[in-house]
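The residues making up each chain are set out below.
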Amino acid sequence: MTITDIYEAAKARGLVRSLRQFSTHFLGMAPNHAADTGLARCSADALLRLYRRLGELRQPDLQARAFGCLLASERQDGDTRAVRR
């Protein structure tokens, strides 16, 4: 599941009304963040905020999917750092 899928699921459940609200209330970013950078390019910090927020809202299935995205992000960043050295 991607961040976009998590956003769509949260929207379907009535947890969020718009991408702008998702950016601020779930990712802890500026309202235009998701629209400008795209959800696929979320930082690890934003993904961690998403994970925590979904826990606060008692959405364990979405929280688990956010955790998977966070782990994938960390693996990708680790690979990138390894290539730069």
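Not measured: the values here are computed from a predicted model.

(A) Broad picture of the pattern of salt bridges. Using the criterion set out here, one finds two salt bridges in the structure. Arg13 serves as the salt-bridge partner of Asp61, at 2.5 Å between the closest nitrogen and oxygen. Separated by 48 residues along the polypeptide, Asp61 in helix α5 (residues 60-84) and Arg13 in the loop between α1 (3-12) and α2 (19-26) bring together distant segments of the chain. Residue classification places Arg13 among the partly exposed positions, given a relative accessible area of 40%. When the shortest N-O distance is used, the salt bridge between Arg53 and Glu56 registers 3.1 Å. Linking Arg53 with Glu56, this pair stays in helix α4 (residues 44-56), spanning three residues, or about one helical turn. The exposure class assigned to Glu56 is exposed, which follows from its relative accessible area of 56%.

(B) Summary view of the nonpolar core. Among the nonpolar cores identified, the biggest contains 21 residues, and Ile3, Phe22, Leu39 and Leu50 are the most heavily contacted of them. Listed by contribution, the elements that provide at least two residues to this core are α1, α2, α4 and α5. Not counting residues up to four positions away in its chain, the partners in contact with Phe22 are Ile3, Tyr7, Val16, Leu27, Leu39 and Leu50.

(C) Seen up close, the side chain of Gln21. Following the sequence through the fold, Gln21 ends up in helix α2. Sequence-distant contacts of Gln21, that is, excluding residues within four places in its chain, are made with Val16 and Phe26.

Cut-offs applied
- Residues numbered from 1 in each chain as written.
- Predicted model: local features only at pLDDT ≥ 70, side-chain atom pairs only at ≥ 80, totals over all residues.
- Heavy atoms only, no water.
- Salt bridge = Lys/Arg side-chain N within 4 Å of Asp/Glu carboxyl O.
- Helix = DSSP H or I, 4+ residues; strand = E, 2+ residues; numbered from the N terminus.
- Buried < 20%, exposed > 50% of the residue type's maximum accessible area, 1.4 Å probe, protein only.
- Core = buried A, V, L, I, M, F, W, Y, C linked by side-chain atoms within 4.5 Å.
- Contact = heavy atoms within 4.5 Å.

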